[in-house]
Amino acid sequence: MSETGNRLRKLLESPNFDPQNYVKQLSQQSDGDRDLQEHRQKIQNLADETAQNLKKNVYKNYRQFIETAKEISYLESEMYQLSHILTEQKSIMESITQALMSDKDETSKEMQAAFPKETEDLKQRTLTSLLEKVEGGKNIMDTPGRHLVYNGDLVEFDVDNMSPIQKVHAFLMNDCLLIATWLPNRRGTVKYMYNALYDLESFAVVNVKDNPPMKDMFKILMFPDSRIFQAENSKIKKEWLEILDETKKNKVSKDRHKKEAEPPMSPVRAEASTNPFDEVDEGPAGAEESVDLSLEWIQELPEDLDVCIAQRDFEGAVDLLDKLKDYLRDEPATPKVKELKAKVEERVRQLTEVLVFELSPDRSLRGGPKATRRAVSQLIRLGQSTKACDLFLKNRAAAVQTAIRQLRIEGATLLYIHKLCNIFFTSLLETAKEFEMDFSGNTGCYSAFVVWSRSAVRMFVDAFSKQVFDSKESLSTAAECVKVAKEHCQQLTEIGLDLTFTLQSLLVKDVKAALLSYKDIIIEATKHRNSEEMWRRMNLMTPEALAKLKEEMRGCSISFDAYTGDDCWVNLSYTLVAFTKQMMSFLEEGLKLYLPELHMVLLESLREIILVAVQHVDYSLRCEQDPEKKAFIVQNASFLHDTVLPVVERRFEEGVGKPAKQLQDLRKSTRPVRVNPESTTSLV
């Protein structure tokens, strides 16, 4: 780094650096905008260099970080095993000591009283010894009271194609289910790798009907997907289903008894008091009795919601939520109601996440906007209309972008633009109609759609400009492409969406550059023809060629018959005829590309092109000495002034709707020429 860069780095790293004073001093010391730009570039270079150094420092020791983390993980697992061994040894020593110090009868009583506890301790020790073989499962025993119920080997199958994925070992505990995968490269006593841990309330178990060779399988339904496992035989499968069902019921029963055994908030009846708030406190107790939550559908509501979410029955889940909402609409918020609502809110959160995933751009984009209707409508019913709107528009933006990216660039540019406009504006129209159908009751979302439409048009213009303007197509091709885009954009007004102004504002820069570039090409071509001008009449050689030229001039609205002879001669020079055809073509293409912001650009371009021809005629008149050629030049000048320029003015005014004052002034200044024989520089 240079000395200036080092000084700048030290200044920015100093602890007393004040950005406001620094900018103020820099503004006072600089001579102008150029100094500020140079200083800004120095700061940007310093920032880029700092970022590169940070990346290098991170990548330099990246592999060492990974290896160190693995070794720490193995060491932590071994220390955890050692801790459990020491704890178990301590427990055994204490038991032996107590047995030796107590009498035989007392020891017998203690053993009988402690038998249930030892049984539970035995289960916990068994679970601990098994979990020592699971890498990453050291925190599972942190929950007090957790013990092993059942475990065994299973084979997991793919849900979509029913092909085996991996061999797993399942640990069923009294409150959860642990899935661990087999390690191919075992390390010490570790045989399995931690895969997933599911709470018993978070999944449902479904039997899978045998369909040889697929048999002895059962499915676990949980958010946001499901998993299929195969047991070794039908007996083990039956044991898994029965024990899973029994364990889930035991946990529900245990939780219910635990809540019922909790002491009430006011166990002792209070004495009569004159406090007016005592009567208010009695309200919830009476209200609790009035809210009947013992109905079967309410008791089974959380599990029913889990099943609906797992089976992707979104409508059924929302229907259940609406039913509960209507049932509890006018009921007071008692503790049991709050508890039920807490369980339901957790399911609502899961359902919302599933619906959000359905609308994410990572999902399949096939099916058009109608494919998102189901998820959007259910999100709106859940009161998530803003989120539904945002996800719907992001999904459609990804779909449109994918469709544009998959469009093949083949054949002529105009054919590609036809396909591009058809795909984009059709998608935009379908999205608008679907948006209006889905969010008809949420008028606040319409502004978001307008903003999204503008960004979508910007994406379209990027692809359009890259193919039309960046590839240096001819002005006629560019004009036709812009015309096609405008026509397709105009179709959106059928649904009240007018994006014409947005499209034009995004095309202004490229259209202006195309007009100026083609203007320069015409001027250079005209100058080149002027340098070879011989001022001779055109001979088209064949009547067919003469008829074709007349047709071209007639297409340009130029009266040409007065300048043609009997045979195939034309009483005009080749240079002026070629100039006329090229300028009229530029005018027509320019009118197709016309935008209000480019009015003066097109007008000045026409003026510059015409001025080149006028100056050439003027110069030739002043320099030519041959009377016959001078008369021929005057005839060409008359054609340019009296025939061509009025047509240009009239056609411009028809296409734009405004008079071309600059062209009128130019024509007046080049009225039928009179030459001063003694001057070679002035036009009178």
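Since we're looking at a predicted model, the values are computed, not measured.

Peer 1: Please explain the packing of aromatic side chains as it appears in this structure.
Peer 2: Here a ring pair, both rings aromatic, is described through the centre-centre distance and the interplanar angle of the planes. Evaluation of the coordinates by the stated rule reveals 20 aromatic pairs. Considering the side-chain rings of Y150 and W240, the 4.9 Å spacing of their centres and the 85° angle between planes classify their relative orientation as edge-to-face. One end of the pair, Y150, is in strand β2 (residues 148–157); the other, W240, is in helix α6 (residues 234–260), with 90 residues separating them in the sequence. As far as burial versus exposure is concerned, Y150 and W240 are alike and both buried. Grouped by ring-pair contacts, the aromatic residues F392, F435, F439, Y446, F449 and W452 constitute a single cluster.

Peer 1: What exactly am I supposed to notice about the nonpolar core here?
Peer 2: Note that soluble globular proteins tend to have their nonpolar side chains buried in a common cluster. Grouped together as the largest cluster of nonpolar side chains are 121 residues, with contacts concentrated most on L420, F424, F460, F464, F469 and F652. What F652 contacts, discounting residues up to four positions off in sequence, is L587, L591, H599, L602, L603, L606, G657, K658 and A660. Of all hydrophobic cores here, the second largest spans 18 residues; its members include Y150, A170, L177 and W240.

Peer 1: Would you mind showing me how to read the packing of helix α17 (residues 475–490) against helix α18 (residues 500–531) here?
Peer 2: A pair of packed helices is captured by two measures, namely the crossing angle of their axes and the spacing between those axes. One way to put it is that α17 packs onto α18 with a least axis distance of 11 Å and a crossing angle of 175°. Relative to α18, the element α17 lies roughly antiparallel. The residues of α18 that touch α17, namely those facing L475, V482, A485, K486, C489 and Q490, are T500, L503, Q504, L507, A514, L515 and Y518. When grouped by side-chain class, the residues that make up the contact of α17 with α18 number nine nonpolar, three polar and one charged.

Peer 1: So what exactly am I meant to see when it comes to the confidence of the model for the chain here?
Peer 2: When pLDDT drops low, the exact placement of atoms in the prediction is not to be read closely. Mean pLDDT over the chain: 79, with 85% of residues reaching 70 or higher. Within the model, the stretch residues 107–118 combines pLDDT values under 50 with four contacts to residues more than four positions away or in other chains. Between residues 673–684, whose pLDDT stays under 50, and residues either more than four places distant or in other chains, the model counts 13 contacts.

Peer 1: Is there a simple way to think about the pairing of strand β7 (residues 217–222) in this case?
Peer 2: Looking along a regular strand, one sees the side chains alternate between the two faces of the sheet. Of all six residues in β7, five are buried, a share of seventy percent or more. Across six bridges, strand β6 (residues 203–208) lies against β7 in antiparallel orientation. Note that in β7 the partner of V206 across the bridge is K219. Looking at chain direction, β7 and strand β8 (residues 226–230) are connected through five bridges and run antiparallel. Note on β8: the bridge partner recorded for I220 is R227.

Peer 1: Would you explain the pattern of salt bridges in this entry?
Peer 2: Proximity of charged atoms lets side chains of opposite charge pair with each other. A complete count under the given rule lists 24 salt bridges for this structure. Two residues, E551 and R554, come together in a salt bridge whose shortest N-O distance is 2.8 Å. Here R554 and E551 lie together in helix α19 (residues 543–555), a separation of three residues that amounts to about one turn. Residue E551 is classed as partly exposed on the basis of its relative accessible area, which comes to 49%. Linked by salt bridges that have partners in common, E201, K251 and D255 make up one network.

Peer 1: Any chance you could explain unusual backbone geometry here in plain terms?
Peer 2: Leave glycine aside and you will find that most residues have negative phi; peptide bonds, for their part, are mostly trans. Despite not being glycine, D216 shows a phi value in the positive range, around 60°. Following the sequence through the fold, D216 ends up in the loop between β6 and β7. Under the relative-accessibility criterion, D216 is labelled buried at 8%. A positive phi angle, close to 50°, is found at W535, a residue other than glycine. Examined against the element boundaries, W535 turns out to sit in the loop between α18 and β9 (537–539).

Peer 1: Looking at this model, I keep getting lost on the environment of R374. Mind explaining?
Peer 2: Following the sequence through the fold, R374 ends up in helix α13 (residues 373–381). C-alpha of R374 to C-alpha of E315: the two residues are 59 residues apart in sequence and 8.4 Å apart in space. Those residues within four positions of R374 in sequence are excluded, and the remaining contacts are R312, D313, F314 and E315. Polar side-chain contacts of R374 include one of 2.4 Å to the backbone oxygen of R312.

Rules of the game
Residues numbered from 1 in each chain as written. Predicted model: local features only at pLDDT ≥ 70, side-chain atom pairs only at ≥ 80, totals over all residues. Heavy atoms only, no water. Phe/Tyr/Trp six-rings, centres within 6.5 Å; stacked < 30°, edge-to-face > 60°. Helix = DSSP H or I, 4+ residues; strand = E, 2+ residues; numbered from the N terminus. Buried < 20%, exposed > 50% of the residue type's maximum accessible area, 1.4 Å probe, protein only. Core = buried A, V, L, I, M, F, W, Y, C linked by side-chain atoms within 4.5 Å. Contact = heavy atoms within 4.5 Å. Axes fitted to C-alpha atoms, helices over the stretch in contact; angles between N-to-C directions. Parallel < 35°, antiparallel > 145°, perpendicular 65-115°, else oblique. Nonpolar A, V, L, I, M, F, W, Y, C, P; charged D, E, K, R; others polar. pLDDT = per-residue confidence, 0-100. Pairing = 2+ DSSP bridges. Salt bridge = Lys/Arg side-chain N within 4 Å of Asp/Glu carboxyl O. Polar contact = N/O pair within 3.5 Å; in protein donor to acceptor, adjacent residues only side chain to side chain.

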